[in-house]
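Here is what each chain is made of, one letter per residue.
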Amino acid sequence: MVDLKAKPFNLNSEQISWVHNTLESLSEEEKIGQLFINLTVQRDKETLSKLVNEYHIGGVRWQGGTLEEVYEQNKYFQENSKVPVLIAANTEAGGNGAVSEGTLVASGAACGASKSDETVRDMAAVGAEEAKAVGCNWVFAPVCDVVSNWRNTIVNTRAFGNDPKLVAERSLVYMKENMKRGIACAAKHFPGDGSEERDQHLVMGCNDLSVEEWDESFGYVYKTLIDEGLASIMVGHICQPAYSKKFIPGIKDGEIKPATLSPELLQNLLRDQLGFNGLIVTDASHMVGLTASMSRKDYIPGVIAAGCDMILFFNDPKEDIGYVKEGLESGVISKERFEDALLRILGLKAMLGLNELKFPGKEGLKTVGCDAHHELAAKAADESITLVKDTQGVLPVNPADKKKLRLYFIESAPVSMANGADKAKANLIKELEAAGFNVTAPKDYYEYEMEGPSPFNKFKVMSHESREKFKKNTDLVLFVINMKGYAQTNNVRLCYDASHSSQNPWFVGEVPTIAISLNYTNHLIDVPMMKTFINAYADSKEYLHALVEKIVGKSGFKGTANDLVWCGRWDTKL
């Protein structure tokens, strides 16, 4: 039985009465609807009405939409739902995780690189205020994964680092800033990402730590947050064989399931051993880490039976609701498990004051992307950008001495050529020119294709000028990497625009070269020949401005790097 008086709910008698009265007022279909969080991409009244009146959703997250459209969508949900909904955002780096107009303050990696808690405090505060302005009451953060595998790019920039104590400390600061503003956190991704390199969008993850290793890392982080009142936890489609074998002696390898389907991890480990009384939500239910385990007909009721309280995203609402109904009728989901899930859902809603809901006024939208928040982003950039190494002693650079700058900008392949070139490239050129450099920035293959598709474009990016001409016309090279992505490959590595491309770092032996990552922190594995390397963590205007200020010596490098940046190689340190 769920104790609604205990942490994290701490409900009073009036709130508990609301929970029980609400539960008693719901039909079976309305109760089933409470288990689901819809991914909203359509905002017409017919679609929204169906979600609240036919599917009775318990929560919502969304993609796309302008600031005003998202506000009106969320207002509609709260004003038209029989039971107020949990409205969630992914504010892992600031308000940009709620709406596109929101402010990116700092990624988890940037917060981890900063020497104080101030950066994560500012990031969390901005994210909470901007999310709350559009009606959010729940955030899928902090990312409290502990990254011990340098190959992992799924949470490389999203997590705070490789030290469990640091991760726990920064996660706790994040959680408290949101709690102050009446927003619940869902810490993720239990039982923990970062110890392997694969992406749970594509394959079941596997946390292969021993029981003792897990206790000292992920266990320490989760226990720290739970003891301080963590409201909810997002469970990843990640198995933890050591603990499954501890709680189920004799379990066969083929019987090991992701945590979302493992009662031994959710009940024995999370509920009993760690003492978690809050709400458990699955990671996205369309991820192959879950779908490969069994048919959707079985795993949709299966995750509830195993101990999850809410399911993230429908595939087909009518079908998924039918699967849960069948699970209840067959006994796969017991009445007790079903009621516990509902009590936790309604308990979280009462904890957030949704039983006396007052939707925020539209005047609050002015806080989203405001100047004060962008000032905090600039401060975070200054505090976090990290000089990993400069063994050639090229920094700082005086533009008067090294005026002729060649920029090689290595970007991910665009989703569509219609999207246009990476805006960060143009913004960086502006910053470099403002600092006094004359910038030459060769077009890459994608830019040529955007101008006009041609089989000869590959050859254009393979052309090389003479070495002597290059040296005469170039004082300094900036080699900038802006790779990113997920759900396409199990990790993201540096990828040039073509084979034998002029981007390939042939120039490091000709002129001084500075390599910069605007995203992942592990790119030295692919460019160990670079003698100067900077981790800049983001491609926003604030981070690009701070980066150039540091290159020219107007500001010092303040961030710190952990040992994972060396990727386990001796040659990356040279």
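Everything numeric here is computed off the predicted structure, so don't read it as measured data.

Peer 1: How should I be thinking about the overall build of the protein chain in this particular structure?
Peer 2: A count of helices and strands for the protein chain gives 20 helices and 16 strands. Compactness check: the protein chain gives a C-alpha radius of gyration of 25 Å against a globular reference of 25 Å for 574 residues, within 12% of the reference. Once the C-alpha set of the protein chain is aligned to its principal axes, its extents read approximately 80 × 60 × 50 Å. Nonlocal contacts in the protein chain, meaning residues at least 24 apart in sequence, comprise 77% of its contacts between residues at least 6 apart. Carbon together with sulfur atoms contributes 49% to the accessible area of the protein chain, which is approximately 22,600 Å² in total.

Peer 1: So what exactly am I meant to see when it comes to the state of the cysteines here?
Peer 2: Chemically, a disulfide is nothing more than a covalent bond linking the sulfur atoms of two cysteines. For the coordinates displayed, the defined rule picks out 0 disulfides. This cysteine, C185, is not joined by any disulfide, and C144 carries the nearest cysteine sulfur, 9.9 Å off. Among the residues examined, C185 registers a relative accessible area of 2% and is labelled buried. With no disulfide of its own, C370 lies 16 Å from the sulfur of C136, the closest cysteine sulfur.

Peer 1: Just to check I follow, could you spell out unusual backbone geometry for this structure?
Peer 2: Glycine aside, residues mostly have negative phi angles, and peptide bonds mostly take the trans form. Here the amide bond leading from F190 into P191 is cis, since omega sits at 5°, within 30 degrees of zero. By secondary structure assignment, the location of P191 is in the loop between strand 5 (184-190) and strand 6 (205-206). For the bond running from L395 to P396, omega is -5°, close enough to zero to count as cis. One non-glycine residue with positive phi stands out, namely A487, at about 60°. As for its position among the elements, A487 is in the loop between strand 14 (476-482) and strand 15 (513-517). Since its relative accessible area comes to 37%, A487 is described here as partly exposed. For H500, which is not glycine, the phi dihedral falls at a positive 55°. Along the polypeptide, H500 turns up in the loop between strand 14 and strand 15.

Peer 1: Looking at this structure, I do not really get the sheet that holds strand 1 (residues 36-40). What am I missing?
Peer 2: Strand pairing in a sheet relies on backbone hydrogen bonds, with the paired strands running either antiparallel or parallel. Read around the barrel, 8 strands follow the order 1-2-3-4-5-7-9-10 and close on themselves; strand pairing throughout is parallel. Across the face of the sheet, helix 10 (residues 263-273) comes into contact with strand 5, strand 7 (232-235) and strand 9 (279-284) while running at roughly 125° to strand 5.

Peer 1: Just to check I follow, could you spell out the packing of helix 15 (residues 371-384) against helix 20 (residues 541-551) for this structure?
Peer 2: Running from N to C, helix 15 and helix 20 point in directions that differ by 40°, and their axes come no closer than 9 Å. Judged by the angle between their axes, helix 15 and helix 20 are oblique. Classified by chirality, the crossing of helix 20 by helix 15 is right-handed. In this structure, helix 15 uses H374, A377, A378, A380, A381, D382 and S384 to contact helix 20, whose residues at the interface are E542, Y543, A546 and K550. Residues belonging to the contact of helix 15 with helix 20 are distributed by class as follows: 6 nonpolar, 2 polar and 3 charged.

Peer 1: Where do I start with the pairing of strand 9 in this structure?
Peer 2: On a regular strand, one side chain projects to one face of the sheet and the next to the other, so that they alternate. In terms of burial, strand 9 is a largely internal element, 6 of the 6 residues being buried. For strand 9 and strand 10 (residues 310-312), the ladder comprises 2 bridges, and the chain directions are parallel. By the bridge assignment, A284 is partnered in strand 10 with L312.

Peer 1: Is there a simple way to think about the environment of K531 in this case?
Peer 2: You can see K531 is positioned in the loop between strand 15 and strand 16 (532-535). Residue classification places K531 among the partly exposed residues on the basis of a relative accessible area of 33%. With 163 residues separating them in the primary sequence, K531 and V368 have C-alpha atoms 40 Å apart. Ignoring sequence-local partners within four residues, the contact set of K531 consists of K389, D390, T391, Q392 and L574.

Peer 1: Honestly, the nonpolar core in this entry has me stumped. Any pointers?
Peer 2: Buried together is how nonpolar side chains tend to be arranged in soluble globular proteins. Counting 156 residues, the largest nonpolar core has W138, I514 and I516 as its most contacted members. At 8 residues, the largest contribution of residues to this core is made by helix 14 (residues 335-351). Leaving out residues up to four positions away in the same chain, I516 has contacts with L478, F479, V480, I481, I534, A536, L547 and I551. Judged by nonpolar contacts, the second largest core, of 21 residues, contains F470, M483, W506 and A515.

Peer 1: Looking at this model, I keep getting lost on the pattern of salt bridges. Mind explaining?
Peer 2: Opposite charge on two side chains lets them pair, provided their charged atoms get close. In total, this model carries 34 salt bridges according to the counting rule given. For E92, the salt bridge identified is with K188, shortest N-O distance 2.7 Å. Placement of the pair is E92 in the loop between strand 3 (86-89) and helix 5 (108-113) and K188 in strand 5, with a sequence separation of 96 residues. Given a relative accessible area of 2%, K188 falls into the buried group. Salt-bridge contacts for K379 lead to E118; the nearest nitrogen and oxygen are separated by 2.5 Å. Pair noted here: K379 is in helix 15 and E118 is in helix 6 (residues 118-133), with a separation of 261 residues, a long-range link. Given the relative accessible area of 32%, K379 is considered partly exposed. Residue classification places E118 among the partly exposed residues on the basis of a relative accessible area of 40%.

Peer 1: How do you make sense of the side chain of E449 when you look at a structure like this?
Peer 2: With respect to the helices and strands, E449 occurs in helix 17 (residues 445-451). Buried within the structure, E449 lacks any salt-bridge partner; K460 is the closest side chain of opposite charge, at an N-O distance of 8.1 Å. A distance of 2.6 Å separates polar atoms of two side chains, one belonging to E449 and the other to N457.

Peer 1: What is the right way to look at the packing of aromatic side chains in this model?
Peer 2: Aromatic ring pairs are defined here through the distance separating the ring centres and the angle between the ring planes. A complete count under the given rule lists 14 aromatic pairs for this structure. Members of the aromatic cluster, each reached through a chain of ring pairs, are Y408, F470, F479, Y496, W506 and F507. It is K458 that lies over the ring of Y445; its NZ or CZ is 4.1 Å from the centre.

Peer 1: Looking at this structure, how should I read the pairing of strand 2 (residues 59-62)?
Peer 2: Taking every second residue as pointing to the same face, both faces of strand 2 are buried, with G59 and R61 on one and V60 and W62 on the other. In this sheet, strand 2 lies alongside strand 1 in parallel orientation, the contact comprising 4 bridges. Note on strand 2: the bridge partner recorded for I37 is G59. Each parallel crossover has a hand, and the one from strand 1 via helix 3 (residues 45-53) to strand 2 is right-handed. Pairing geometry for strand 2 and strand 3, over 2 bridges, is parallel. Along strand 3, the bridge assignment pairs G59 with L86. After leaving strand 2, the chain enters helix 4 (residues 67-80) and then returns to the sheet as strand 3, a path that is right-handed.

Cut-offs used in this document
The residue count restarts for each chain, going from 1 along the sequence in the order it is written. In keeping with the predicted nature of the model, local features appear solely for residues at pLDDT of at least 70, side-chain atom pairs appear and are counted solely at 80 or more, and the whole-chain, interface and lining totals rest on all residues. Note that water and hydrogens are dropped before the side-chain values are worked out from all heavy atoms of the structure. Secondary structure follows DSSP: runs of H or I at least 4 residues long count as helices, runs of E at least 2 residues long count as strands, and numbering of each begins at the N terminus. Only C-alpha atoms enter the radius of gyration, while the globule expectation follows 2.2 Å times N to the 0.38, with N the number of residues. Any two residues having at least one pair of non-hydrogen atoms within 4.5 Å are treated as being in contact. Computed with the Shrake-Rupley method and a 1.4 Å probe, the accessible areas treat only the protein chains shown as cover for residues. Here, a disulfide means two cysteine sulfur atoms that sit within 2.5 Å of each other. Three labels apply to residues, based on accessible area from a 1.4 Å probe with only protein chains included: buried if under 20% of the type maximum, exposed if over 50%, partly exposed otherwise in between. Note on pairing: two strands pair once DSSP finds at least 2 bridges between them. Here, axes are lines fitted to C-alpha atoms. For helices the fit covers the stretch in contact, and angles between N-to-C directions go from 0 to 180 degrees. Should an angle fall under 35 degrees it is called roughly parallel, over 145 degrees roughly antiparallel, and 65 to 115 degrees roughly perpendicular, with every other angle called oblique. Two helices crossing with the near one rotated counterclockwise from the far one by less than a right angle form a left-handed crossing, whereas a clockwise rotation gives a right-handed crossing. Under this grouping Gly is polar, as are all residues other than the nonpolar Ala, Val, Leu, Ile, Met, Phe, Trp, Tyr, Cys and Pro and the charged Asp, Glu, Lys and Arg. Nonpolar cores are built from buried Ala, Val, Leu, Ile, Met, Phe, Trp, Tyr and Cys residues. Side-chain atoms within 4.5 Å join them into one set. A carboxyl oxygen of Asp or Glu within 4 Å of a side-chain nitrogen of Lys or Arg is what we treat as a salt bridge. Charge assignment: positive for Lys and Arg, negative for Asp and Glu; neither His nor the chain ends contribute. Within 3.5 Å is the distance limit for a polar contact, defined as a pair of N or O atoms, with the added protein rule that one can donate a hydrogen and the other accept it, and that residues adjacent in sequence qualify only through two side-chain atoms. Here the aromatic set is Phe, Tyr and Trp, taking the six-membered ring for Trp, and pairing holds for ring centres within 6.5 Å; pairs whose planes are under 30 degrees apart are stacked, those over 60 apart are edge-to-face, and all others are tilted. By definition here, charges over rings are those cases where NZ of Lys or CZ of Arg is within 6 Å of the ring centre and within 35 degrees of the ring normal. Orient the strands so they point away from the viewer, and a crossover whose first-strand-to-second-strand path over the helix runs clockwise is right-handed.

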